[in-house]
Amino acid sequence: MNNFEFSRASDVADAIRQIAADPDAKFVAGGTNLIDLIKEGVARPSRLIDITRLPLNRIDETPEGGLRIGALVPNSDLAYHPQIESRYPLLRSAILAGASPQLRNMASTAGNLLQRTRCFYFYDTTTPCNKREPGSGCSAIDGFNRMHAILGTSEHCIATHPSDMCVALAALDARVLAMGRGGERAVAFGDFHRLPGDTPQRDTNLRDDEIITAIELPANGFSTNYSYLKIRDRLSYAFALVAVAAALDLDNGVVREARLALGGVAHKPWRDRDVEAQLRGAPANRENFALAADALLRDARGFGNNDFKIELARRAIVRALTQAAKATPQSQADKRIR
Ligand SMILES: Cc1cc2nc3c(=O)[nH]c(=O)nc-3n(C[C@H](O)[C@H](O)[C@H](O)COP(=O)(O)OP(=O)(O)OC[C@H]3O[C@@H](n4cnc5c(N)ncnc54)[C@H](O)[C@@H]3O)c2cc1C
Ligand code: SF4
């Protein structure tokens with residue numbers, strides 16, 4: 001049995017004080033990932049700091065015309081918020097493609113960002129895993145790696161980040177607001193999650209004394225030409241093999257601006273700004289989307305069981321961009337199927 005302390009943060013300053021005082025403590029929000037990790041013996045926090053009563057559950061407009069989403073806003077409330085439905089349907093689609101209604105009711109915005117990989121070996125404490133136990137080795141590289149990464153891998157870890165919501169947030173250029181002993185700072189979404197390199201135990205650049213307070217969305221939600229396409233083994237309640245968040249701003253069939261982020265393929269939501277630049281000014285057609293997919297996947301590498309993901313990603317990118325260009329997002333296609 002692992003003993004741990006339990007305390008409740010009275011305000012954000014108290015939460016920072018408590019986490020800074022104990023490097024082995026963890027915040028708990030919805031608990032849908034952390035409690036599983038504790039039960040499996042993967043996480044062994046010395047203290048759980050309950051942050052669920054902090055006033056971080058509001059969605060407010062920002063002076064710049066975007067939205068500020070509190071860290072504790074449940075995934076369901078976020079997906080069904082009128083402003084998200086009308087202005088950021090890409091984010092809504094991504095959230096609703098994840099988990100189950102019950103889980104989305106519990107899961108928080110910040111917890112979704114900080115959920116840990118679904119690599120089987122990470123959860124199996126009888127096997128080597130550099131992420132769980134640095135220096136022990138990676139069982140997945142020569143093991144069962146069907147779900148694993150094809151981009152940005154290292155010889156130390158080939159895990160993927162499992163979130164759907166984060167793929168849309170990456171495409172939308174969100175910012176993560178974090179508060180620590182040094183005050184509040186904003187981190188561009190692309191700089192928040194890390195590639196594994198030689199420190200796969202670190203998923204993000206959040207500092208040890210920091211709490212996420214909010215996510216900020218810029219004004220442009222690409223609400224007309226977008227699609228979130230998630231390819232998985234079952235239609236619901238399964239993590240992505242490959243997911244694509246595509247958003248376009250079109251001018252008479254020509255791409256004025258493109259956003260393309262992939263999930264299920266890397267240790268972080270994968271975004272390639274060179275590929276987005278390549279699409280800018282090009283006619284929004286299948287040929288250019290295929291060229292973009294080839295460019296994005298130029299350095300992709302499989303590890304045996306997951307080789308199929310490279311072709312799957314190529315096709316998914318073309319399909320998602322085509323759906324976005326036609327303003328027939330995958331979520332609408334789902335509705336028609338039902
Ligand atoms: C069966 C199952 C299926 C799922 N399927 C999907 C899926 O298909 N797609 C998908 O995207 N997700 C899926 N999920 C994951 C789910 O979305 C996450 O578990 C959830 O978002 C985590 O949020 P939480 O509030 O419960 O986090 P918690 O479990 O409470 O915390 C997770 C981590 O975040 C930290 N944390 C929480 N809040 C803060 C904060 N404000 N500041 C700093 N640190 C913080 C905690 O310390 C902990 O380390 C699934 C989960 C399960 C159990
Ligand atoms: S891929 Fe990463 S998480 Fe999975 S076994 Fe290897 S080191 Fe561990």
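Just above sits the structure.
Everything numeric here is computed off the predicted structure, so don't read it as measured data.

Participant: Would you take a moment to explain the overall build of the protein chain for this structure?
Facilitator: A count of helical and extended segments in the protein chain gives 14 helices and 12 strands. Whereas a compact globule of 338 residues would reach a radius of gyration of roughly 20 Å, the protein chain reaches 20 Å, a difference of no more than 12%. Judged by the C-alpha coordinates and their principal axes, the protein chain covers about 60 × 50 × 40 Å. Sequence-distant contacts in the protein chain: of pairs separated by 6 or more residues, those separated by 24 or more amount to 63%. When the accessible area of the protein chain is evaluated, it comes to approximately 15300 Å², of which 48% is carbon and sulfur surface. Seen as two clouds, the 43 positive and the 40 negative side-chain charges of the protein chain have centres 4 Å apart.

Participant: Would you mind going over the packing of helix H12 (residues 286-296) against helix H13 (residues 308-325) with me for this structure?
Facilitator: Helix-helix packing: each pair is described by the crossing angle between the helix axes and the interaxial distance. In the contact formed by H12 and H13, the axes pass within 9 Å of each other and the chain directions differ by 140°. Accordingly, the angle class assigned to the pair H12 and H13 is oblique. Relative to H13, the crossing made by H12 is right-handed. Across the interface between the two elements, Arg286, Phe289, Ala290, Ala293, Asp294 and Leu296 of H12 pack against Arg314, Ile317, Val318, Leu321, Thr322 and Ala325 of H13. Looking at the contact of H12 with H13 residue by residue, the classes come out as eight nonpolar, one polar and three charged.

Participant: Whenever I open this one, the packing of aromatic side chains confuses me. Can you help?
Facilitator: Any two aromatic rings considered together are summarised by their centre-to-centre distance and by the angle between their planes. Considering all chains together, one arrives at three aromatic pairs under this definition. Here the aromatic rings of Phe120 and Tyr121 are separated by 6.3 Å at their centres, their planes lie at 75°, and the arrangement is edge-to-face. With relative accessibility at 36%, the residue Phe120 sits in the partly exposed group. Among the aromatic side chains, those forming a connected cluster through ring pairs are Phe120, Tyr121 and Phe144.

Participant: It is not clear to me how the pattern of salt bridges should be interpreted in this structure. Could you clarify?
Facilitator: When the charged atoms of two side chains lie near each other, side chains of opposite charge can form a pair. Scanning all chains against the criterion turns up 24 salt bridges. The residue Asp14 makes a salt bridge to Arg17 at a minimum N-O spacing of 3.7 Å. One end of the pair is Asp14 and the other is Arg17, both in helix H1 (residues 12-21) and three residues apart, which spans about a single turn. Here Arg17 falls in the exposed class, since its relative accessible area comes to 54%. A salt bridge links Glu210 to Arg185, with the nearest nitrogen and oxygen atoms 2.7 Å apart.

Participant: How should I be thinking about the sheet that holds strand S2 (residues 25-28) in this particular structure?
Facilitator: Note: strands within a sheet are paired through backbone hydrogen bonds, in either parallel or antiparallel orientation. Strand order in this open sheet of three strands is S1-S3-S2, and the pairing throughout is parallel. Of all strands in the sheet, those bounded by a partner on one side alone are strand S1 (5-8) and S2. Adjacent strand axes in the sheet meet at a mean angle of 25° when their direction is disregarded. Packing of H1 onto the sheet brings it into contact with S1, S2 and strand S3 (47-50), and relative to S2 it is tilted by some 150°.

Participant: Help me understand the pairing of strand S7 (residues 183-188) in this model?
Facilitator: Within a regular strand, side chains alternate between the sheet's two faces. Note: strand S6 (residues 175-180) against S7, six bridges, orientation antiparallel. Bridging across to S7, Arg175 finds its partner in Ala188. Between S6 and S7, which pair antiparallel one after the other, the connecting turn spans two residues.

Participant: How should H12 be read in this particular structure?
Facilitator: One turn of the α-helix equals 3.6 residues, which is why residues spaced by three or four share an orientation. For H12, the complete set of buried residues consists of Asn288, Phe289, Ala292, Ala293, Ala295 and Leu296. All buried residues of H12 fall inside an arc of 165° around its axis, so they share one side. Pointing more than 90 degrees away from the buried face of H12 are the exposed residues Arg286 and Glu287.

Participant: Could you clarify how one ought to interpret the site of ligand 1 in this entry?
Facilitator: Close to ligand 1 lie 33 residues, the nearest being Phe27, Gly31, Thr32, Ser108 and Asp164. Taken by itself ligand 1 offers 980 Å² of open surface, and the protein chains cover 93% of this. Going through the elements one at a time, S2, helix H2 (34-39), helix H7 (109-114) and strand S8 (211-217) are the ones with two or more residues in the shell around ligand 1. Considering every element that reaches the shell around ligand 1, the biggest residue donor is H7, with four residues. By residue class, the composition of the shell around ligand 1 is 17 nonpolar, 11 polar and five charged.

Definitions and cut-offs
- Residues numbered from 1 in each chain as written.
- Chains lettered and ligands numbered in written order.
- Predicted model: local features only at pLDDT ≥ 70, side-chain atom pairs only at ≥ 80, totals over all residues.
- Heavy atoms only, no water.
- Helix = DSSP H or I, 4+ residues; strand = E, 2+ residues; numbered from the N terminus.
- Rg over C-alpha atoms; globule rule 2.2 N^0.38 Å.
- Contact = heavy atoms within 4.5 Å.
- Areas by Shrake-Rupley, 256 points an atom, 1.4 Å probe, with all protein chains shown as cover.
- Lys, Arg positive; Asp, Glu negative; His and termini not counted.
- Charge placed at Lys NZ, Arg CZ, Asp CG, Glu CD.
- Axes fitted to C-alpha atoms, helices over the stretch in contact; angles between N-to-C directions.
- Parallel < 35°, antiparallel > 145°, perpendicular 65-115°, else oblique.
- Left-handed = near helix turned anticlockwise from the far one by under 90°.
- Nonpolar A, V, L, I, M, F, W, Y, C, P; charged D, E, K, R; others polar.
- Phe/Tyr/Trp six-rings, centres within 6.5 Å; stacked < 30°, edge-to-face > 60°.
- Buried < 20%, exposed > 50% of the residue type's maximum accessible area, 1.4 Å probe, protein only.
- Salt bridge = Lys/Arg side-chain N within 4 Å of Asp/Glu carboxyl O.
- Pairing = 2+ DSSP bridges.
- Arc of directions from axis to C-beta.
- Near = heavy atom within 4 Å.

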